[in-house]
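A look at the structure
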Amino acid sequence: MLLQDKVVIISGVGPGLGTHLGTLAAREGAKVVLAARTVSNLDSVEGAIRALRPDAQVLKVRTDITCRADCAELVGETVERFGRIDGLVNSAYIPGTLSPVETADLDDWRMTFEVNLFGTLNLVQAVLPQMKRQGGGAIVNVNSQVVHKPLAGQGGYAASKAALAAATSHLALECGKYGIRVNSVFLGWMWGPAVEGYFKALAQELRTTVEALKQNVSEHIALGIIPEDRECAKSVLFLISDYASVVTGASLDVNGGDFFPT
């Protein structure tokens, strides 16, 4: 198993990617710690894990990553239960409000940064002392393709993720001497509940079909598909595993080859 007996914290769990990160980590032998603001999401993901692997060791901790006390409590409960922290997957985020940069509400941008950058760093700072004590660990920050390939209206989200990318590079440099690896995964279009809901609303607005929209997007992706969230989760967890033991400071594009202009 890829993550046998590793203790892995996953933030922002919920429908889609968060569920697959939790279930796949458990399937690969990890002791999984689920963190999210919404208790029903924690319960749902735990249920999905139990359905797949009834004997899985799972800890649920309600966590708002913008609250440093919550992050400290999450780390404390994890160490008390499992004794160590081998991996942290930062998947918690908010997209912010879609708007042109020229007319954007900068308070909305600040809130987006508060979650996507500062909230993520709250949790990173909370786990680092434990990882240093135990002599190593791995952190993966889930980032977005929009940093490299702008999408109209997503300036605030992209700016917050670009800042996170810069912080990740510096963390990799600073933490390497402690045996702690820090990497980024840049996700593109990803078929799951969020994108499916967006396509349904857009199809109604444009008087077209979801399939037509999927086809339009897929034409610009080398593999000719919108990658499914469960497949993207595998790449995230690879960077936690020992197969990536000498990988740090990396920026892994997980997008099916979406490098062509739209």
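Heads up: these notes are all about the structure in this document. (Residues numbered from 1 in each chain as written. Predicted model: local features only at pLDDT ≥ 70, side-chain atom pairs only at ≥ 80, totals over all residues. Heavy atoms only, no water.)

Right, let's talk about the environment of Leu151 for a bit. Along the chain, Leu151 falls in the loop between strand E5 (137–144) and helix H5 (155–175). Separated by 53 residues in the primary sequence, Leu151 and Leu98 place their C-alpha atoms 10.0 Å from one another. (Helix = DSSP H or I, 4+ residues; strand = E, 2+ residues; numbered from the N terminus.)

The next point concerns the pairing of strand E1 (residues 7–11). Within E1, five of the five residues are buried, leaving the element largely enclosed by the surrounding structure. What you see with E1 is no split at all: Val7, Ile9 and Ser11 on one side and Val8 and Ile10 on the other are buried throughout. In the sheet, E1 pairs with strand E2 (residues 31–36) via five bridges, with the strands oriented parallel. Bridging from a neighbouring strand, Ile9 pairs with Val33 of E2. Taking the sense of rotation as the criterion, the β-α-β connection linking E1, helix H1 (residues 17–27) and E2 turns out right-handed. Here E1 runs beside strand E4 (residues 87–90); their pairing, made up of four bridges, is parallel. Bridged to Ile9 within E4 is Leu88. (Buried < 20%, exposed > 50% of the residue type's maximum accessible area, 1.4 Å probe, protein only. Pairing = 2+ DSSP bridges. Right-handed = clockwise from strand over helix to strand, strands pointing away.)

On to the packing of aromatic side chains. Counted according to the given criterion, the structure contains five aromatic pairs. For the ring pair Tyr93 and Tyr157, a centre distance of 6.0 Å and an interplane angle of 55° mean the geometry is tilted. Placement of the pair is Tyr93 in the loop between E4 and helix H4 (106–134) and Tyr157 in helix H5, with a sequence separation of 64 residues. Their ring planes at 70° and their centres at 5.7 Å tell us that Trp191 and Phe199 sit as a pair that is edge-to-face. Among the aromatic residues, those joined into a cluster by ring pairs are Trp189, Trp191, Tyr198 and Phe199. The ring of Tyr178 has Lys132 lying over it, and the distance from NZ or CZ to the ring centre is 4.4 Å. (Phe/Tyr/Trp six-rings, centres within 6.5 Å; stacked < 30°, edge-to-face > 60°. Lys NZ or Arg CZ within 6 Å of the ring centre and 35° of its normal.)

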